[in-house]
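# Results of the structural survey
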Amino acid sequence: MPVAVPIHQTDSTVYWSEKMNEFEPAIIAFVCNWCTFTAADLAGTSRLVYPPNIRLIRVMCTGMVDPKYVIKAFLEGADAVLISGCHPGDCHYINGNLKARRRVKLLKEILPRFGFDEKRLRLTWIGASEGVDFARTVKELVEEIKAIGPGEARGQMVL
Ligand code: FES
């Protein structure tokens, strides 16, 4: 059974996870209010099971996710960041998700300069009725990040 790990790791929680011989990623997810947040809610009300490693931050549109938020999350110890919003053509603010897509592309180029693996950043489109997709995405992301290992800044106070 996965163990919830706080985003701000303390030495004792890191030690405890290592002692259990099981790395549990801490994932920050910026999710659009109109689609992915609703999908997460649907997954919950549908009693779908997915790992508790994700911390949702609800935003009105993925277009408002400033790249600084992503970098700050990594610097403060996140093992992965997920940005998830409406499918292209469905954004409530016309093209916010397309702006997010451009920013993620640039972030993936910049992250290695900060020492972070670009595979730790993921962009997905999950509509309001796609609770199953939300649960599956979280499961897959957790497995992939477990395979990559802990974030480069985990357990360190970089800022
Ligand atoms: S309103 Fe959902 S991504 Fe823009």
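Residues numbered from 1 in each chain as written. Predicted model: local features only at pLDDT ≥ 70, side-chain atom pairs only at ≥ 80, totals over all residues. Heavy atoms only, no water.

### A word on the side chain of R120
Positionally, R120 belongs in the loop between α4 (96-110) and β4 (121-125). A polar contact of 3.0 Å, which involves the side chain of R120, links it to the backbone oxygen of G149. The contact partners of R120, leaving out residues within four places of it in the chain, are F74, D79, A80, V81, I145, I148, G149, P150, G151 and E152. (Helix = DSSP H or I, 4+ residues; strand = E, 2+ residues; numbered from the N terminus. Polar contact = N/O pair within 3.5 Å; in protein donor to acceptor, adjacent residues only side chain to side chain. Contact = heavy atoms within 4.5 Å.)

### A closer look at the sheet that holds strand β2 (residues 54-59)
Pairing is parallel across the open sheet formed by 4 strands, whose spatial order is β2-β1-β3-β4. The open sheet terminates on both sides in strands that have one partner only, identified here as β2 and β4. When strand polarity is set aside, the average angle formed by the axes of neighbouring strands in this sheet is 20°. One ladder, built from 6 bridges, connects strand β1 (residues 27-32) with β2; its direction is parallel. Bridge pairing in β2 places I27 opposite I54. Across the sheet, helix α2 (residues 36-45) touches β1, β2 and β3 (80-85), and the angle it forms with β1 is around 110°. Along the sheet, helix α5 (residues 131-148) contacts β1, β2, β3 and β4; its crossing angle with β4, the most-contacted strand, is approximately 165°. (Pairing = 2+ DSSP bridges. Axes fitted to C-alpha atoms, helices over the stretch in contact; angles between N-to-C directions.)

### Regarding α5
An ideal rise of 1.5 Å per residue puts 26 Å on 18 residues; α5 measures up with 26 Å between its terminal C-alpha atoms. Turning to α5, the residues buried within the fold contact β1, α2, β2, β3 and β4. Within two residues after α5, G149 carries a phi angle of roughly 105°, on the positive side. (Expected span 1.5 Å × (residues − 1).)

### Side note on the pairing of β3
Burial within β3 is extensive, with 6 of its 6 residues counted as buried. Of the two faces of β3, the one carrying A80, L82 and S84 and the one carrying V81, I83 and G85 are both buried. Sheet topology places β1 next to β3; 5 bridges connect them, and they run parallel. Considered in β3, the bridge of A29 is made with L82. Direction of pairing for β3 relative to β4: parallel, over a ladder of 5 bridges. (Buried < 20%, exposed > 50% of the residue type's maximum accessible area, 1.4 Å probe, protein only.)

### Remarks on the nonpolar core
Membership of the largest hydrophobic core comes to 18 residues, with the highest contact counts inside it found for F30, V70, F74, V81, I83 and L121. Breaking this core down by element, the ones donating at least two residues are β1, α3 (67-75), β3 and α4. It is α3 that contributes the most residues to this core, 5 residues altogether. Leaving out residues up to four positions away in the same chain, F74 has contacts with D79, A80, V81, L111, F116, R120, L121 and A153. Core analysis: the second largest hydrophobic core is formed by 16 residues, F23, A40, A80 and I126 among them. (Core = buried A, V, L, I, M, F, W, Y, C linked by side-chain atoms within 4.5 Å.)

### Quick notes on empty space enclosed by the protein
Scanning all chains against the criterion turns up 2 cavities of 30 Å³ or more. What the largest cavity holds in volume is close to 40 Å³. A class-by-class count of the residues in the lining of the largest cavity yields 7 nonpolar, 4 polar and no charged. (1 Å grid on protein atoms, 1.4 Å probe; cavity = no way out; pocket = protein on both sides within 12 Å on 5 of 7 lines; lining within 4 Å. Points joined across faces, edges and corners; volume = space filled by probe spheres on them. Nonpolar A, V, L, I, M, F, W, Y, C, P; charged D, E, K, R; others polar.)

Scope: geometric values only; no functional claims are made or implied.
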